[in-house]
Amino acid sequence: MNLGFYDSGIGGLITLKKLMDDVGTFDFVYLGDKANFPYGEKDEETLLMIARKCINFLKDKESDAVIIACNTISTTVFKHLEKFYDFPIIPITDWIKSYRINGNVKLLGTPNTVNSSFYQRYMKCEGIPDPNLANFVEKGIWDGEVEEYLEGILPTGEYALVLACTHYSVLNGVIGKLRPEVRIIDISDMFVEHLKSVIDFSKINRGNSSTIYFTSKDDNLMKMVDKLGLSGMADVEFIDPL
Ligand code: DGL
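Residues numbered from 1 in each chain as written. Predicted model: local features only at pLDDT ≥ 70, side-chain atom pairs only at ≥ 80, totals over all residues. Heavy atoms only, no water.

A. Broad picture of the overall build of the protein chain. The helix and strand inventory of the protein chain stands at 10 helices and 10 strands. In terms of overall dimensions, the protein chain is globule-like: its C-alpha atoms have a radius of gyration of 17 Å, near the 18 Å expected for 242 residues. Overall size of the protein chain, expressed as C-alpha extent along the three principal axes, is 45 × 35 × 35 Å. Burial analysis of the protein chain (242 residues in total) assigns 56% to the buried set. (Helix = DSSP H or I, 4+ residues; strand = E, 2+ residues; numbered from the N terminus. Rg over C-alpha atoms; globule rule 2.2 N^0.38 Å. Buried < 20%, exposed > 50% of the residue type's maximum accessible area, 1.4 Å probe, protein only.)

B. Representation of the packing of aromatic side chains. The tally for this structure, following the rule as stated, stands at 11 aromatic pairs. Ring centres of Phe-26 and Phe-201 lie 5.6 Å apart, and the angle between their planes is 50°; on these two criteria the pair is classed as tilted. Taken together, the residues span a long stretch of sequence, with Phe-26 in the loop between helix 1 (11-23) and strand 2 (28-32) and Phe-201 in the loop between helix 9 (187-198) and strand 9 (211-214) at a distance of 175 residues. The two residues Phe-26 and Phe-201 agree in class, both being buried. Taken together, the ring pairs in this structure connect Phe-5, Phe-26 and Phe-201 into an aromatic cluster. Here the basic side chain of Arg-52 rests over the ring of Phe-84, its NZ or CZ set 3.5 Å away from the ring centre. The lysine or arginine in question, Lys-227, covers the ring of Trp-142, its NZ or CZ lying 4.2 Å from the ring centre. (Phe/Tyr/Trp six-rings, centres within 6.5 Å; stacked < 30°, edge-to-face > 60°. Lys NZ or Arg CZ within 6 Å of the ring centre and 35° of its normal.)

C. Seen up close, the site of the ligand. Around the ligand lies a shell of 14 residues, among which Ser-8, Tyr-39, Asn-71, Thr-72 and His-167 are the nearest. For the ligand, an oxygen atom lies 2.7 Å from a polar atom in the side chain of Thr-72. Within the side chain of His-167, one N or O atom sits 2.8 Å away from a nitrogen atom of the ligand. Isolated, the ligand exposes 300 Å² of accessible area, and the fraction of that covered by the protein chains is 99%. (Near = heavy atom within 4 Å. Polar contact = N/O pair within 3.5 Å; in protein donor to acceptor, adjacent residues only side chain to side chain. Areas by Shrake-Rupley, 256 points an atom, 1.4 Å probe, with all protein chains shown as cover.)

D. The arrangement of the layout of surface pockets in detail. As a volume, the largest pocket reaches approximately 210 Å³. Every residue lining the largest pocket is counted, 14 residues in all, and those nearest its centre are Ser-74, Phe-78, Thr-93, Lys-97 and Phe-118. Elements supplying a minimum of two residues to the lining of the largest pocket: helix 3 (71-75) and helix 4 (78-81). Here the lining of the largest pocket is composed, by residue class, of 5 nonpolar, 5 polar and 4 charged. (1 Å grid on protein atoms, 1.4 Å probe; cavity = no way out; pocket = protein on both sides within 12 Å on 5 of 7 lines; lining within 4 Å. Points joined across faces, edges and corners; volume = space filled by probe spheres on them. Nonpolar A, V, L, I, M, F, W, Y, C, P; charged D, E, K, R; others polar.)

E. Structural view of the pattern of salt bridges. In the structure shown here, the tally under the stated rule is 12 salt bridges. The partner of Asp-22 in a salt bridge is Lys-196, and the shortest N-O contact between them spans 3.0 Å. Note that Asp-22 is positioned in helix 1 and Lys-196 in helix 9, a separation of 174 residues in sequence. Overall, Asp-22 belongs to the partly exposed group, its relative accessible area being 37%. Judged by its relative accessible area of 32%, Lys-196 is partly exposed. The residue Arg-179 makes a salt bridge to Glu-151 at a minimum N-O spacing of 3.0 Å. Residue Arg-179 is located in the loop between helix 8 (172-178) and strand 8 (183-186), and its partner Glu-151 is located in helix 7 (residues 145-153); the two are separated by 28 residues in the primary sequence. Of the residues examined, Glu-151 reaches a relative accessible area of 40% and is grouped as partly exposed. Taken together, the shared-partner salt bridges connect Lys-18, Asp-186 and Asp-189 into one network. (Salt bridge = Lys/Arg side-chain N within 4 Å of Asp/Glu carboxyl O.)

Purely spatial values, then, with no claim about function.
What follows is the structure, encoded as structure tokens:
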């Protein structure tokens, strides 16, 4: 079985790395739709068109299942996507029906994710829509300047903070330092646990032939792949926008 992963940039790679740290290295095809990054404020019609092209691409690369490693797509247009495909498409939000998060909860995500009200259907939470954080992460700014930015947007006090964007996982440590009283809930961790219960990883190919595709060329992306500990695990190819 061959797994495809899709996000607007490097966010889904962070989730993928977490998954492989848990279940062991496996073959994958990854598509980072960098040409259309960021997705956080695009309208639904555009997102649906983009997502279909990206999933079709992963299908052509012989993926047997596609993981939508992007909250923005998962919380907005995923509901319209499934009908187009005859193989499993698994959204990063798939864990949400089996876990409950209670108490004082704040939801940090892109404007599209927070405004979709998707998470709010499953938990009582106050949204912190943010148009900039994913961009910091995509540029490789994982501390320093982003710390100052986070200081300005994160409320003080005790609460649970749901990191509802796959890019944010690398900010976990910085947020913990800034707000030690906050309980951080990284949805990528929830998803990895969930995925292990829906996919039999003994059936996934492990032949050392993985490829990461990006839909635009940017030298910084190679640095990010390296920073995530993924260089050597996959070839990186820059392709034309889909
Ligand atoms: N990584 C994505 C998410 O989980 C999208 C970030 C963006 O493109 O704005 O929402």
